[in-house]
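Structural overview for review
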Amino acid sequence: MTSTTTGTAITAHAEVELLIGGMTCASCAARVEKKLNRMDGVTATVNFATEKAKVTYSPETRVEDLIATVVKTGYTAEPPAPEPAAAEDTSDDSPEESATPADPELTSLRQRLVVSALLAAPVVLMSMIPALQFDNWQWLALTLAAPVVVWGGRPFHQSAWTNARHAAATMDTLVSLGTLAAFGWSLWALFFGDAGMPGMKDSFSFTARMDGASTIYLEVAAGVVAFILLGRYLEARSKRRAGAALRALMELGAKDVAVLREGREVRIPVARLAAGDRFVVRPGEKIATDGTVVDGVSAVDASLLTGESVPVDVGVGDPVTGATVNAGGRLVVEATRVGADTQLARMAKLVEDAQNGKAEVQRLADRVSGIFVPVVILIAVATFGVWLGATGNSVAAFTAAVAVLIIACPCALGLATPTALMVGTGRGAQLGILIRGPEVLESTRRVDTVVLDKTGTVTTGRMTLQAVYAAEDADEKQVLRLAGALEHASEHPVARAIAVAAEERGGTLPEAEGFESMPGRGVRGRVEGHEVTVGRLFDELPKELARAKDEAERHGRTAVVVGWDGRARGVLAVADAVKETSAEAVRELRALGLTPVLLTGDNRAVAESVAQAVGIDQVIAEVLPEDKVDVVRRLQGEGRTVAMVGDGVNDAAALAVADLGLAMGTGTDAAIEAGDLTLVRGDLRVAADAIRLSRRTLSTIKGNLVWAFGYNVAALPLAAAGLLNPMIAGAAMAFSSVFVVSNSLRLRTFR
């Protein structure tokens, strides 16, 4: 009864993602998040880098109410625009255009930056270089600086005014106050002081100025606006590049598809494809959606989706994934999953959810940003008062206060985590690694033990022929040929392994007659005039075959005896083959400081044989599926931090209990849902890559935060002490954000 109630409570909540407009710094995001979370039944997370709010709300709340709350806070909000219909997609768009569509906001910002920079440059040069200061140069400087401050700085002033009306302050408040104060002082000095006199000279200083009414700050007002616009532009462009991997992932899918309708091919938009439809994929085309091959043989290139460079051969009955490329012959595929249920859509959703999430360190940064701006304004006022009281020099006091206002931008703090997370998760998606959320990164740092499920993880998960032993009066080719012909009629996994190997090594197999299956013992029938038996139908074996059988079983393999005409003629050793890359993967995991443990329900001989092949020392075998959770908990009880890698339904609970769950994407949906990291490829080496990428992303986040905190901690006292010219402060503040984003972008080169 309790579980039913709980389930109802969970499903009673709806979820929406809102696009938030007008945010200019982390404190903006913190304000929006705070206001949304004050609503009854609402839980919201606002991400400054992605400019999105992920909101969970109760049935009593409407989306319109959420949007109204954001608007009242001084920002805009709207649900994401629906995907454009595939039918409207034009095939003549160049790849570059489709990959990076024009961004009106970026274009507008670039125009404002270019005009402001062209006007501000002469002002800065004239103010810094006395040789350029002709008679009445200051009036030309005013003419050039005024449009920069008023028009170029308009976004800052608008944002500051909007926030002031809501009794709030953000980074734009600091920029607006600082530049308007510098411009206002300059106007006063020009019209009411001595600065407007012909022949007035000015010079540049790295520190606060001490001269009086002849001092103008036009270069500060114009230069700071230009510098901050440059920082905003570079930051916006970098943020766009940071999200490029997710956009590229979402654009991988085919746009239209040739569906079979009454024997004819009809081309329709992919959006209209339904489960059960059969469609044609020609060589070089993308497979439109997840499905099963019903006709044809080909090789499928999945490199765009999984990072796997080697095409995979597929034939009738094999599953294929949407967005992969048909590299060989013509295929007819029956759609099994469409729309949001496809692997591509689920990958994109996982990546987007991870990018919208927040690590614990980011929540701390948000809290700091939320109170930072009001504190800075108080520090600026206090700086002015202390300087004025100590020196009586209003110019020096004003300069120091303006420097404090301008340098103390918390932008870098707000960008430190989300930009690294965006780039890291996006790069992971390109490599076939899906990181479920930011909290996963912390887990990868602490992990010291990795538990590897055997079947389907370390091994292929399907039986294959390992060895053929023949008696003196037979040869290996004949033993395999006759056994394969007989086993071809059986559906047993061991029989299928023998039949497949016989076809691969000997071509077309002869027909078997009078096939008879004896459960638990084997099969028999007539092949090419011989009475053939395969299985455990001989009580006594020749010495060489008895030795071969014992050796196979000692190595954990299934030994199958083949005989005809009443005599045993050979032994076939069948086993679940170890993946070619598993040994290398184990070495890479050890290099990361992890202790590998092999966990399996198989018998100990088989488990130890596999462990020896890949270099694992610790083996836990003969474990029932329900006991895998207990094994993980026991290891945790020994003080270990455990990662679990698995792919089956019976691994789902253990993946959920482990400190870090890595689900093989080739496995079941249950395992993938339970995992913290999903490895799209079935290659165990990707597990080591996933942990390395996660750790690298975490270290980048921490490096960004150290810079962002350190910058503000170091810069504020310098500004308050009068050791920074406000224009230098503006440049330093703008480039601190650019540094953080650029540092995050280095994750794009992860290999």
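Keep in mind that what you see is a predicted model, and the values were worked out from it rather than measured.

A separate point is the overall build of the protein. Broken down by element type, the protein carries 27 helices and 26 strands. The contacts of the protein with a sequence gap of at least 6 include a subset with a gap of at least 24, amounting to 70%. Accessible surface, the protein: about 32900 Å² in total, of which carbon and sulfur atoms supply 56%.

Residues annotated in UniProt with the feature "transmembrane region" (unreviewed entry) correspond here to residues 113-131, 137-153, 174-192, 212-231, 368-389, 395-417, 704-721 and 727-745. Between the C-alpha atoms that bound residues 137-153 there is a distance of 23 Å. The span itself is 94% helix and 0% strand.

A surface patch of nonpolar side chains, amounting to about 310 Å² of accessible area, comprises Leu125, Met128, Ile129 and Leu132. Tracing the backbone through its elements, the reader meets Met128 in helix 5 (residues 104-128).

If you look at the biggest cluster of nonpolar residues, it comprises 49 residues, and the most contacted ones within it are Ile433, Leu452, Leu660, Leu662 and Leu677. The biggest single contributor to this core is helix 26 (residues 685-720), with nine residues. Filtering out sequence-adjacent residues up to four positions away, Leu662 remains in contact with Ala643, Met644, Val645, Gly646, Leu655, Leu677, Leu679, Ala687, Ala690 and Ile691.

Between its first and last C-alpha, helix 7 (residues 154-165) extends 16 Å over twelve residues, near the 16 Å set by a 1.5 Å rise per residue. Among the residues making up helix 7, those that are buried are Phe156, His157, Ser159, Ala160, Thr162 and Asn163. Where helix 7 ends, the next residue or the one after it, Ala167, has phi of about 55°, a positive value.

According to the stated counting rule, one finds four aromatic pairs in the structure shown. For the ring pair Trp139 and Phe191, a centre distance of 5.3 Å and an interplane angle of 70° mean the geometry is edge-to-face. Here Trp139, found in helix 6 (residues 137-152), pairs with Phe191, found in helix 8 (residues 171-191); they are 52 residues apart in sequence, far enough to count as distant. Centroid distance Trp185 to Trp188: 5.8 Å. Interplanar angle 55°. Geometry classified as tilted. Of this pair, Trp185 and Trp188 both sit in helix 8, three residues apart, which is roughly one turn of the helix. Linked through ring pairs, Trp185, Trp188 and Phe398 together constitute an aromatic cluster. One residue, Arg112, lies across the ring of Trp151, its end atom 4.8 Å from the ring centre.

Conventions we followed
Residues numbered from 1 in each chain as written. Predicted model: local features only at pLDDT ≥ 70, side-chain atom pairs only at ≥ 80, totals over all residues. Heavy atoms only, no water. Helix = DSSP H or I, 4+ residues; strand = E, 2+ residues; numbered from the N terminus. Contact = heavy atoms within 4.5 Å. Areas by Shrake-Rupley, 256 points an atom, 1.4 Å probe, with all protein chains shown as cover. UniProt positions renumbered as here; feature names shortened; annotations may be inferred. Patch = residues over 30% accessible without salt bridge, like charges linked within 9 Å, V, L, I, M, F, W, Y side chains within 5 Å. Salt bridge = Lys/Arg side-chain N within 4 Å of Asp/Glu carboxyl O. Core = buried A, V, L, I, M, F, W, Y, C linked by side-chain atoms within 4.5 Å. Buried < 20%, exposed > 50% of the residue type's maximum accessible area, 1.4 Å probe, protein only. Expected span 1.5 Å × (residues − 1). Phe/Tyr/Trp six-rings, centres within 6.5 Å; stacked < 30°, edge-to-face > 60°. Lys NZ or Arg CZ within 6 Å of the ring centre and 35° of its normal.

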